[in-house]
Amino acid sequence: MKKIIFPIALLTLTLASCKKDYSCSCTETETWNNQTDVYTYSYKVEGATKVQAQAACNEATITQTDGADSYKTECDLSK
């Protein structure tokens, strides 16, 4: 019985520790009428694996251009 309980407990602890809270730090750059505005912000990605949190940050990375105007958001994962 002990041979079964120990591996199950170890597996449970291992799986539970994989999900953590991460932070995604973003820099937003807007260029219009020859002016550039830069904003920084961050948001939490809670209860995710590192791969899931990285995917959330990648999804928030945006680049749009309309003539001389542009909008760019770059996000990086931090812990």
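Just above, that's the structure.
Let me sum up the structure you'll find in this document. (Residues numbered from 1 in each chain as written. Predicted model: local features only at pLDDT ≥ 70, side-chain atom pairs only at ≥ 80, totals over all residues. Heavy atoms only, no water.)

Some points on the side chain of Ser23
To keep it simple, the criterion reads: Helix and strand assignments follow DSSP, with helices taken as H or I runs no shorter than four residues and strands as E runs no shorter than two, numbered in order from the N terminus. Throughout this description, buried means an accessible area under 20% of the type-specific maximum (1.4 Å probe, protein chains only), exposed means over 50%, and partly exposed covers the range between. Residue contacts are defined here by distance: any two heavy atoms, one from each residue, within 4.5 Å place the two residues in contact.
For Ser23, the position within the fold is in strand E1 (residues 20–32). Exposure remark for Ser23: the relative accessible area of 18% places this residue in the buried category. In contact with Ser23, other than residues within four places in its own chain, are Ser42, Tyr43, Asp76, Leu77 and Ser78.

Some remarks on the pattern of salt bridges
Note the cut-off: Put simply, a salt bridge is a Lys or Arg side-chain nitrogen that is within 4 Å of an Asp or Glu carboxyl oxygen.
Here the structure, examined in full by the defined rule, presents one salt bridge. Residue Lys72 pairs with Glu74 through a salt bridge whose shortest N-O separation is 3.4 Å. Residue classification places Glu74 among the partly exposed residues on the basis of a relative accessible area of 44%.

Details of the sheet that holds strand E4 (residues 69–78)
We apply this condition: We treat two strands as partners when DSSP finds at least two bridges between them. Fitted lines through C-alpha atoms give the axes, limited to the stretch in contact for helices. The angle between two N-to-C directions lies from 0 to 180 degrees.
Strand order in the open sheet formed by four strands is E2-E1-E4-E3, and the pairing between neighbours is antiparallel. One side of each edge strand has no neighbouring strand; the edge strands of this open sheet are strand E2 (35–48) and strand E3 (62–66). Pairwise comparison of adjacent strand axes, ignoring direction, gives a mean angle of 15° for this sheet. The sheet contact formed by E1 and E4 spans nine bridges and is antiparallel. Within E4, the residue paired with Glu28 across the bridge is Thr73. Running over the sheet, helix H2 (residues 50–59) touches E1, E2 and E4 and is turned about 155° from E2.

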